[in-house]
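Structure assessment
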Amino acid sequence: MADQLLEQVRDAVEGQIDFEGQRLAELLTTVLLGAAGIIAFLVGFMTQDIRLSLYVGLAGTALTFLVVVPPWPFYNKNPEGWLPPHNATSGFSIDVDGQKVG
Amino acid sequence: MHSALVRLQNVFGFFTTVAFTVATVIALSSFISPQSPSASVQLRNVQVVKGRPHYYSYKKEEYAHIKFDLDTDLRTLFNWNTKQVFLYLKAIYPSTRANEPASEAIIWDAILASNSAPWHQNHYTHPDPKSKLPKKSKKASLASKSKATSPYPIGELHLPNQRPKYQITDITGKLGNRTDVVLELGWNVQPWVGALTWANFDKFGAWQGLRGGRSEAFDLPEVGAKAVKKKDLETEKGAEGYRLEVNGEQPRRKNV
């Protein structure tokens, strides 16, 4: 019971996502932070208020952290079909191009 | 990007890049903001007296006390990236030896804060031209709750018959009878991000050079050329001069 609970906590902290999710996370980081920087400058320059620039930039950054860091479900939509675990005694064999490799 | 920790590090890493880039662009944007500063400086009165650098000093030196008229229009120095402008007035006089560069000494200065700068006690507040009352002490002005505001827009100064903040002396200790003394305005623009810039008299891109800002040349009188009243040798105190310290000078009160 305790082990199960710990496992869940570890999964939540590690926040693993699948390969497609990683590609998406990378893209979102670049796009969101880049956009936040550009908008921050433009807004500040238009209103001639450098403080607004700072706040827009920091808000955009906070949003990016919120979107990218936690393992949201949409990062795990393409789970990899891993092979089942095996060992010598399990009697399970793997065929690669007609050769037994496991 | 497979785990939360790696994503955290990646996002923060790219954030620093973006922050630095935006800061660079903001710093560069100062240079496309047009500037057209102008100023006029005129000598009002100059006296040279003998004095000591401090109470226990055996050395007697000559001190020049220069009063002046200053009118400036530095509004264009305050763009969105300007935090404050340190404004100063220099007295420039040739050295006694021809091969040495001219000496420069600051006789008056002020910290002009922009609107985006948070309040600070050292910031300069323009005296009210209509008010005939002596300046309020720090305590009194705090108690009255009314915020001290300049009667002119930021960067515009009209100071007739301004007392100097500093009496100046020379390294030789002799300052009487010097010729070709010039008062020159200078400043240092301190931006929120980017490079410090100083006063310039030449055009630089969108920045016009300072028009005016130099007084006509004048000569310093002989030491004690005329009877000097002590009141005439009073210096102006900047707001920063009123910091409370043990045995320190106290703010001027109304009845004193």
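In what follows, the accompanying structure is described. Worth saying up front: this structure is predicted, and the values here are computed from it rather than measured.

Cut-offs and rules
- Here the residue numbering is sequential within each chain, running from 1 through the sequence in written order.
- Chain letters start at A and ligand numbers start at 1, both assigned in the order the entries are written.
- Only residues with pLDDT of at least 70 get local features here, since the model is predicted, and only at 80 or more are side-chain atom pairs given and counted; chain-wide, interface and lining totals rely on the full set of residues.
- The side-chain numbers reported here are obtained from all heavy atoms of the structure, hydrogens and water having been left aside.
- Where helices and strands are cited, they refer to DSSP runs of H or I of at least four residues and of E of at least two residues respectively, numbered from the N terminus.
- Here the term buried applies to any residue with accessible area under 20% of the maximum for its type, exposed to any over 50%, and partly exposed to those in between, with areas from a 1.4 Å probe on protein chains only.
- In this analysis, two residues are considered to be in contact whenever any of their non-hydrogen atoms come within 4.5 Å of each other.
- Surface accessibility follows the Shrake-Rupley procedure with a 1.4 Å probe radius. Residue values consider only the protein chains on display as shielding.
- The definition of a nonpolar core used throughout is a set of buried Ala, Val, Leu, Ile, Met, Phe, Trp, Tyr and Cys residues joined through side-chain atoms within 4.5 Å.
- Pairing between strands is defined by DSSP: at least two bridges between the two strands are required.
- We define buried area as the total accessible area lost by two parts upon association, computed with a 1.4 Å probe and summed across both.
- By definition here, a salt bridge exists when the distance from a side-chain nitrogen of Lys or Arg to a carboxyl oxygen of Asp or Glu is within 4 Å.
- Counting of polar contacts relies on pairs of N or O atoms within 3.5 Å, with two restrictions inside protein: one atom must be capable of donating a hydrogen and the other of accepting it, and residues adjacent in sequence are counted only when both atoms are side-chain atoms.
- Using only the protein atoms, space was sampled on a 1 Å grid; points where a 1.4 Å probe fits but cannot get out form cavities, open sets with protein on both sides within 12 Å along at least five of seven lines form pockets, and lining residues are those with an atom within 4 Å of a point.
- Grid points are joined across faces, edges and corners, and a volume is the space filled by probe spheres set on the points.
- Residue classes follow a fixed rule: Ala, Val, Leu, Ile, Met, Phe, Trp, Tyr, Cys and Pro count as nonpolar, while Asp, Glu, Lys and Arg count as charged, and any other residue, Gly among them, counts as polar.
- Inter-axis angles, ranging from 0 to 180 degrees, are taken between N-to-C directions of lines fitted to C-alpha atoms, where helices are fitted over the stretch in contact.
- By the definition adopted for this analysis, an angle is roughly parallel if under 35 degrees, roughly antiparallel if over 145, roughly perpendicular if from 65 to 115, and oblique otherwise.
- Helix crossings get a hand from a simple test, with the near helix turned counterclockwise from the far one by less than a right angle marking a left-handed crossing and a clockwise turn marking a right-handed one.
- Stacked, edge-to-face and tilted are the three classes for Phe, Tyr and Trp ring pairs, Trp counted by its six-membered ring, which pair at centre distances within 6.5 Å; planes under 30 degrees apart are stacked, over 60 edge-to-face, the rest tilted.
- Here, over-ring charges are defined by two tests on the NZ atom of lysine or the CZ atom of arginine: distance to the ring centre within 6 Å, and angle to the ring normal within 35 degrees.

Let us now look at the overall build of chain B. Check the secondary structure of chain B and you find two helices and eight strands. Counted from the first residue to the last, chain B has its helices and strands arranged as α-β-β-β-β-α-β-β-β-β. Put simply, chain B has 256 residues, and 41% of those count as buried. Long-range pairs, those at least 24 residues apart, make up 75% of the contacts in chain B with a sequence separation of at least 6. For chain B, the accessible area works out to roughly 15300 Å², and carbon and sulfur atoms hold 55% of it.

A word on the nonpolar core. Residues and elements named next belong to chain B. Counting residues in each nonpolar core, the largest one holds 33 residues, and the members touching the most others are Ile 107, Trp 108 and Leu 183. Counting residues per element, the ones that place at least two in this core are β1 (38–51), β2 (61–73), β3 (82–93), β4 (103–113), β5 (156–162) and β6 (182–191). Look past the residues within four positions of Leu 183 in its chain and what remains in contact with it is Val 41, Leu 43, Ile 66, Phe 68, Leu 89, Lys 90, Ala 91, Ile 107, Gly 213, Arg 214, Ser 215 and Phe 218.

The next thing to look at is the sheet that holds strand β7 (residues 197–198) of chain B. Residue and element names in this part refer to chain B. The four strands lie next to each other as β4-β3-β6-β7, forming an open sheet whose pairing is antiparallel. The open sheet has two free edges, formed respectively by β4 and β7, since each of these has just one partner strand. Summarising the sheet, β3 and β4 pair through ten bridges and their orientation is antiparallel. Bridge pairing in β4 places Tyr 93 opposite Ser 103.

Attention now moves to the interface of chain B and chain A. Taken together, the contact pairs 21 residues of chain B with 29 residues of chain A. A combined buried area of about 2100 Å² lies between chain B and chain A, and 75% of that area is made up of carbon and sulfur atoms. A per-residue breakdown of the area chain B buries against chain A is headed by Met 1, Arg 7 and Trp 80 of chain B, which together make up 33% of the total. For the interface between chain B and chain A, the tally reads zero salt bridges. Where chain B packs against chain A, one counts six residue pairs in polar contact (both at pLDDT 80 or more).

A word on the environment of Val 69 of chain A. As for its position among the elements, Val 69 of chain A is in the loop between α3 (50–68) and β1 (95–96). Separated by 40 residues in the primary sequence, Val 69 of chain A and Thr 29 of chain A place their C-alpha atoms 9.6 Å from one another. What Val 69 of chain A contacts, discounting residues up to four positions off in sequence, is Thr 64 of chain A together with Ala 4, Arg 7 and Leu 8 of chain B.

Read from one edge of the open sheet, four strands run β5-β2-β1-β8 (chain B), paired in mixed fashion. Single-partner strands in this sheet number two, and they are β5 and β8 (211–212) of chain B.

Let's shift gears to empty space enclosed by the protein. All names here are of chain B. The full count for this structure, using the stated rule, is three cavities of 30 Å³ or more. There is about 110 Å³ of room inside the largest cavity. Lining of the largest cavity is provided by 14 residues; of these, Ser 30, Pro 191, Ala 195, Thr 197 and Trp 207 occupy positions nearest its centre. Residue classes in the lining of the largest cavity are distributed as seven nonpolar, seven polar and no charged.

Now for the packing of α3 of chain A against helix α1 (residues 4–29) of chain B. Where α3 of chain A contacts α1 of chain B, the two axes come as close as 10 Å, and the packing angle between them is 160 degrees. Considering the angle they form, α3 of chain A stands roughly antiparallel to α1 of chain B. When the axes of α3 of chain A and α1 of chain B are compared, the crossing they make is right-handed. Residues Ile 50, Ser 53, Leu 58, Thr 61, Thr 64, Phe 65 and Val 68 of chain A of α3 of chain A pack against Arg 7, Leu 8, Val 11, Phe 12, Phe 15 and Ile 26 of chain B of α1 of chain B.

Within this structure, the stated rule accounts for 15 salt bridges over all chains. Salt bridges sharing partners connect three or more residues here, namely Lys 90, Glu 104, Glu 184 and Arg 214 of chain B.

What follows covers the packing of aromatic side chains. Tallied over the entire structure, the rule returns 13 aromatic pairs over all chains. Summarising the aromatic geometry, the rings of Phe 41 of chain A and Phe 45 of chain A are spaced 5.5 Å apart at their centres and angled 15 degrees between planes, so their arrangement reads as stacked. Pair noted here: Phe 41 of chain A and Phe 45 of chain A are both in helix α2 (residues 19–47), with a separation of four residues, about one helical turn. What makes Phe 41 of chain A buried here is its relative accessible area of 16%. With centroids separated by 5.2 Å and ring planes inclined at 80 degrees, the aromatic side chains of Tyr 55 of chain B and Tyr 56 of chain B adopt a geometry described as edge-to-face. Among the residues examined, Tyr 55 of chain B registers a relative accessible area of 64% and is labelled exposed. We classify Tyr 56 of chain B as exposed; its relative accessible area is 68%. Three or more aromatic residues joined by ring pairs form one cluster here, namely Phe 41 and Phe 45 of chain A together with Trp 80 of chain B. For the cation-ring pair, Arg 214 of chain B lies above Phe 201 of chain B, with the distance from its terminal atom to the ring centre recorded as 4.1 Å.

This is a description of form; function is not addressed.
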